[in-house]
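Given next are the chains, with one letter for each unit.
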Amino acid sequence: MRIDVFTLVPHAYAWLTEQRPLAGVLGTELELRLFNYRDTTPLKAGQVDDEPYGGGAGMVLRVDVVAAALESAYRDVPPPRVIALSPQGRPLTQAVVEELAGEDQLALLSARFEGFDERIVEHLASDAISVGPYVLSNGDLPAMVVLDAVARRLPGALAEGSGELESFSAALGGGLEYPHYTRPPAFRGWSVPQVLLSGDHAKIESWRREHIR
Ligand SMILES: C[S@@+](CC[C@H](N)C(=O)[O-])C[C@H]1O[C@@H](n2cnc3c(N)ncnc32)[C@H](O)[C@@H]1O
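Here the structure is a predicted model, which means the values were calculated and not measured. (Residues numbered from 1 in each chain as written. Predicted model: local features only at pLDDT ≥ 70, side-chain atom pairs only at ≥ 80, totals over all residues. Heavy atoms only, no water.)

Asks: I keep staring at the sheet that holds strand E2 (residues 31-36) and nothing clicks. Help me out?
Replies: In a beta sheet, neighbouring strands pair by backbone hydrogen bonds and run either parallel or antiparallel. Overall, parallel pairing links the 5 strands, which are arranged E2-E1-E6-E5-E8 in an open sheet. Single-partner strands in this sheet number two, and they are E2 and strand E8 (127-130). Pairwise comparison of adjacent strand axes, ignoring direction, gives a mean angle of 35° for this sheet. As judged from the 5 bridges shared by strand E5 (residues 82-91) and E8, these two strands associate in the parallel manner. Bridge assignment links Ile83 to a residue of E8, and that residue is Asp127. Sheet strands touched by helix H4 (residues 63-74): strand E1 (2-7), E2, E5 and strand E6 (105-109). Its angle to E1, the strand with the most contacts, is close to 150°. This element, helix H7 (residues 140-152), spans E1, E2, E5 and E6 of the sheet and lies at about 170° to E1. (Pairing = 2+ DSSP bridges. Helix = DSSP H or I, 4+ residues; strand = E, 2+ residues; numbered from the N terminus. Axes fitted to C-alpha atoms, helices over the stretch in contact; angles between N-to-C directions. Contact = heavy atoms within 4.5 Å.)

Printed below as a string of structure tokens:
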């Protein structure tokens, strides 16, 4: 799969690419390309945003800047999924993550300040995704959330089996995962449930099923 991110801060993604799951799949299951709007802006002095028509605070990411970035990356054929990261978008859920992980190609558009000129969302993007009902300062943390969540679903990203029984997975009926414990078995009087120390796999499995939340 290939994911292209359009951003003003490509360097901010360095940390993410050094960590699992991305580090484990980059170059094999995942190709990640980072495009800086400033590199292809048709405006002078690297300008990418402008004052909103109608007045008001903040700056708006220009449609001609995003169009130029997409044209430079794809010529006339953008990928079918060009996703604007926006608080007004479709909420990101595990089901949406699974859907995105099934794509061959994704493009993620990040904005900042007041956000996108609406024509970007209407005409250049195929859809918009929100990472939650709150406002972040730019679309790069949301893009990284999408990257991490999608990368986890790619073959080889996680140790065998560890991605199957997770919160929101079909295997847990969409529920929240059961609690986990590790050593020590007792700490400040807080004990690990006895059944988990029993070695009885059938009982452990049944305890876990009962504790899906
Ligand atoms: C400060 S926000 C713009 C908020 C916008 N003026 C509003 O009130 O909805 C700047 C950019 O950050 C990104 N962003 C902020 N919150 C987001 C969220 N919850 N989900 C996805 N992207 C978000 C988007 O790219 C957005 O255009």
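Asks: Can you walk me through the pairing of E5 in this structure?
Replies: The pairing of E5 with E6 spans 3 bridges and is parallel. If you follow Ala84 over to E6, its bridge partner there is Leu109.

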